[in-house]
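# Descriptive structure summary
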Amino acid sequence: MSEIRLNNVSKSFGGVQVIDGISLEIGSGELVVFLGPSGSGKSTLLRMIAGLETIDGGTLTIGGKRSEHLAPGQRDVAMVFQNYALYPHMSVRENMAFGLKNIRMATSEIDRRVQDAARILEMDALLDRRPAQLSGGQRQRVAIGRAIVKEPAAFLFDEPLSNLDAALRVRTRVELAELHQRMQSTMVYVTHDQTEAMTLADRIVILNNCRIEQIGTPMDVYLYPSSRFVAGFVGSPGMNFLKAELSATDGKQIATLGNGSDVALSVDLPPGAYELGIRPEAVQVRATPAATTGKAAVVEKLGDRTLVHLHLDDGTSLTALDGGRSEVKPGDIVHLDFDISQLHLFDSDGVAHHAK
Amino acid sequence: MTPTTVRRINWVGGIFTVLTVIIAVLWAFPIYWGIVSSLKPEDEVVRPYIELWPETLTFRHYWFALTQTQIGSWYINSVVTAVGVTVLTVSTSLFAGYAISQLRFPGRTVLWWLILASFMVPTQVLIINHFVLMANMSLLNSWAGIILPQLIHPVIIIVYKQFFDQVPKDFREAAAMDNASEWNVLFKIYIPMNWGVTTALSIVTFIWAWNAFLWPFLAVTRTEMMTITVGITQVYDAFGVYYAQQLAAAVLAGIPVALAYLLFQRKVTQAITLSAGIKG
Ligand SMILES: Nc1ncnc2c1ncn2[C@@H]1O[C@H](COP(=O)(O)OP(=O)(O)O)[C@@H](O)[C@H]1O
Ligand SMILES: [Mg+2]
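Because the structure is predicted, anything quoted here is derived from the model rather than measured.

## Focus: the interface of chain A and chain B
With 23 residues of chain A in contact, the opposing surface of chain B contributes 16 residues. Remark: the boundary between chain A and chain B carries two salt bridges. In this structure, aspartate 178 of chain B and lysine 150 of chain A form a salt bridge, with 2.6 Å as the shortest nitrogen-oxygen distance. Between chain A and chain B we count eleven residue pairs in polar contact (both at pLDDT 80 or more) in total. Every element with two or more residues in the side of chain A that touches chain B is listed here: helix H1 (42-50), strand S6 (77-80) and helix H2 (92-102) of chain A. Considering only residue class, the side of chain A that touches chain B consists of 14 nonpolar, six polar and three charged.

Printed below as a string of structure tokens:
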């Protein structure tokens, strides 16, 4: 029983309304990622759960307990800070024990929990060191250890990997996923990195301008983005966006691209001007004439796959994903096909409509 | 780097070294002169020409200062009042600096401006008030009377506030998540993270208090209650001032401060830089 429920919460900073009526449920044992660009309100929302920002309106329930008026330490949540915030003058052991001492836990119990956490995180040997004597990755572990010893209802992470180098980030990401599976605890994880979100999340909450754009499993969000914003933010390389004119003749729908090519599709939309979205893996390079042609500008060989960056006649840019042994060279005229089951149309309000 | 630039830098460095040495000698000479003179017989001291070494070396004046004056009491008075001033100033400033830096309460800004403003008021201006106040409280000729007016050191509060301001907000938040009380945040996190500042400020405050003259001079009239800085002015007899004797007493008075400097050289320099940044 450690679900988190936000009901119509709001927050303003000095008269400026930042969070305006957000409602959200995080299930017990679920790992939910808040994903969004910088300034989208991820940290603010997380800090409202933690109690580091006051909640101006609405209610917060953690593990069935109304919590919006509780002090941070009393909400039964633990937070891992982006800069770790390890107390520099305390040893690793003292850092982990500090929060437990403050609630007058018995020394024997504190020792047991510190030992357990050290074992889980494989840092028994580091317990008597100071944070300054640790590497970035080790500090990260201590920060997580400091949260684990509290045995909280929920863990809150604010961009915990952003201070690590690329290789370590990938490794730590996997370790976090393992930790979550082993502990089965509720976790809320903030990041601006869509790869982290895709790989870790049970569900992703996508934020933009301090509003929830979409909530869904990683594959939901990837395959069926609810808006132009989500479609562009999730996925790497990013989705292609092309101008398209939708028309219907004899009951058949056709989207006409800027270069005049027609793409047949089926979607519940009236004729008109739309933006057509398609991921690079749904743009196929063909040896024989196909839906349209483009001129390869840059070819990125990634080993297992090849990214072909193209221009259509009208200047529209487009990226196609080809096999690792692709023969396309810059300057080549390339035939392209679209996987019409993976097409999205975005109306002028940015709302997504998925092809059937 | 080419050999010529290396040579030029050595050359410039050499000039600086020479200049530094000259200035150091200029600074140190009076101290040397004082010590040497205190080791000369009185008649040698008043000779009109400069003698860099005593013709007759004598410890008579030290013996005199130690046996014929109340220097023992003065030492005790100085130690008690200087330590008292240091402990009280540093501990109150610590709380004040923390409150102004970290807590939000009504009147915080006004209080801060008052502290900044009081820092513009030289102690000398207040000294008559202090005197009347201490006299009314019957604290003249007492340790408390010497200590209390010396507790006003806004600069210490200002330095503490600035250091506490620089502690990243994350630590405060981590402590809040860790259920730490305000008291624990101050004593387990902010103070230990700034030990260097506390040591440095304690040392300078001690040195200021030890060297204080004007106020202890006014606050005390009974010889046995004098601090050493005031006491050494009493080293004369019916026949008038004896320079060598006075210098011997002055040297004895300066020893604790000199020791403090020697022991905590780095800290003292750091502390002086800290407070100088504000004192201007
Ligand atoms: N303490 C604050 N005072 C004023 N505005 C703030 C404060 N904290 C955050 N904001 C504003 O709230 C919005 C969301 O910020 P934040 O939650 O930090 O975004 P993110 O973590 O997604 O980058 C931003 O527009 C930011 O300027
Ligand atoms: Mg943030």
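## Observations concerning the side chain of lysine 150 of chain A
As for its position among the elements, lysine 150 of chain A is in the loop between helix H4 (136-148) and strand S7 (154-158). Each residue touching lysine 150 of chain A, except ones within four places of it in the same chain, is listed here: Ala78, Leu100 and Arg113 of chain A together with Met177 and Asp178 of chain B.

## Some remarks on the sheet that holds strand S13 (residues 262-265) of chain A
Strand pairing within a sheet occurs via backbone hydrogen bonds; the two strands may be parallel or antiparallel. Residue and element names in this part refer to chain A. Within the open sheet, the six strands sit side by side as S13-S12-S11-S14-S20-S21. Their pairing is antiparallel. With partners counted over all chains shown, the strands left at the sheet margins are S13 and strand S21 (352-354), one partner each. Taking each pair of neighbouring strands and ignoring which way they run, the sheet shows an average axis angle of 40°. Note that strand S20 (residues 343-346) and S21 share three bridges and pair antiparallel. Its bridge partner lying in S21, histidine 344 is registered against histidine 354.

## Brief notes about unusual backbone geometry
All names here are of chain A. Proline 237 follows serine 236 through a cis peptide bond whose omega is 0°. Considering the arrangement of structural elements, one finds proline 237 in the loop between helix H8 (228-233) and strand S11 (240-249). We note that glutamate 122 has phi near 55°; this positive angle belongs to a residue other than glycine. Here glutamate 122 is to be found in the loop between helix H3 (107-120) and H4.

## Considerations on the nonpolar core
All names here are of chain A. In this structure, Phe34 and Leu45 are the most contacted members of the largest nonpolar core, which totals 57 residues. Ignoring any residue separated from it by four or fewer positions in sequence, one finds leucine 45 in contact with Leu6, Val9, Ile19, Ile22, Phe34 and Leu207. Membership of the second largest hydrophobic core comes to 46 residues, among which are Val80, Val142, Leu161 and Leu179.

## Here we look at the domain arrangement of chain B
All names here are of chain B. Partitioning chain B into structural domains gives domain 1 (3-60) and domain 2 (65-279). Relative placement of domain 1 and domain 2: their C-alpha centres are 32 Å apart. Residue-level contacts link eight residues of domain 1 with seven residues of domain 2. Between domain 1 and domain 2, the buried area comes to about 550 Å², and carbon and sulfur atoms account for 74% of it. Put simply, domain 1 and domain 2 have zero salt bridges between them.

## As for the environment of glycine 14 of chain A
Within the secondary structure, glycine 14 of chain A sits in the loop between strand S1 (4-13) and strand S2 (16-26). Measuring from C-alpha to C-alpha, the distance between glycine 14 of chain A and aspartate 116 of chain A comes to 43 Å, with 102 residues separating the pair along the chain.

## Observations concerning helix H9 (residues 169-177) of chain B
Residues of H9 of chain B that are buried: Asp170, Phe171, Glu173, Ala174, Ala175 and Met177 of chain B. Phi turns positive one or two residues past the end of H9 of chain B, at asparagine 179 of chain B, with a value near 65°.

## Comments concerning the confidence of the model for chain B
In the predicted model, chain B carries a mean pLDDT of 87, and 93% of its residues have values of at least 70. As a predicted assembly, this complex carries a pTM of 0.84 together with an ipTM value of 0.87.

## Quick notes on the sheet that holds S7 of chain A
Residue and element names in this part refer to chain A. Taking strand neighbours across the sheet as the criterion, the six strands line up as S6-S7-S8-S3-S9-S10 in an open arrangement whose pairing is mixed. Strands with a single pairing partner mark the edges of an open sheet, and in this sheet they are S6 and strand S10 (211-216). Taking each pair of neighbouring strands and ignoring which way they run, the sheet shows an average axis angle of 20°. Taken together, the four bridges between S6 and S7 define a ladder with parallel strand orientation. Bridge assignment links valine 80 to a residue of S7, and that residue is phenylalanine 157.

## Comments concerning the domain arrangement of chain A
Interface size is commonly expressed as the accessible surface area that is lost when the partners come together. Residue and element names in this part refer to chain A. Taken domain by domain, chain A consists of domain 1 (4-232) and domain 2 (240-354). A separation of 39 Å is found between the C-alpha centroids of domain 1 and domain 2. In this complex, domain 1 contributes nine residues to the contact, which on the side of domain 2 involves ten residues. For the pair domain 1 and domain 2, the two sides together bury roughly 860 Å², of which 53% comes from carbon and sulfur. It is Tyr222, Arg228 and Ala231 that lose the most area in domain 1 upon contact with domain 2, and together they represent 59% of the buried surface on that side. In this assembly, domain 1 and domain 2 are joined by six residue pairs in polar contact (both at pLDDT 80 or more).

Reading the values: rules and limits
- Throughout this description, residue numbers start from 1 for each chain and increase along the sequence as written.
- Key to labels: chains lettered from A, ligands numbered from 1, both in the order written.
- Side-chain atom pairs in this predicted model are given and counted only at pLDDT of 80 or more, local residue features only at pLDDT of at least 70, and totals for whole chains, interfaces and linings cover all residues.
- The side-chain quantities take in all heavy atoms of the structure and omit both hydrogens and water.
- Contact between two residues is taken to exist if any of their heavy atoms lie within 4.5 Å; hydrogens are not considered.
- Counted as salt bridges are all cases of a side-chain nitrogen of Lys or Arg within 4 Å of a carboxyl oxygen of Asp or Glu.
- Whenever two N or O atoms come within 3.5 Å, that pair is a polar contact, provided that in protein one can donate a hydrogen and the other can accept it, and provided that, for residues adjacent in sequence, both atoms are side-chain atoms.
- Per the convention used, a helix needs a DSSP run of H or I reaching at least four residues, while a strand needs a run of E reaching at least two, with both numbered from the N terminus.
- Each residue gets one of three labels, nonpolar for Ala, Val, Leu, Ile, Met, Phe, Trp, Tyr, Cys and Pro, charged for Asp, Glu, Lys and Arg, and polar for the others, Gly among them.
- Strand pairing is assigned whenever DSSP detects at least two bridges linking the two strands.
- Comment: axis = line fitted to C-alpha atoms, over the contacting stretch for helices; angle = value between 0 and 180 degrees taken between N-to-C directions.
- Side-chain atoms within 4.5 Å are what join buried Ala, Val, Leu, Ile, Met, Phe, Trp, Tyr and Cys residues into a set we call a nonpolar core.
- Working definition: with a 1.4 Å probe on protein chains only, accessible area under 20% of the residue-type maximum means buried, over 50% means exposed, and in between means partly exposed.
- For every domain, the bounds stem from an assignment made automatically or drawn from a database.
- Once two parts are joined, some of their accessible surface, as seen by a 1.4 Å probe, is lost; buried area is that loss totalled over both.
- pLDDT is a per-residue confidence score from the predictor, ranging from 0 to 100.

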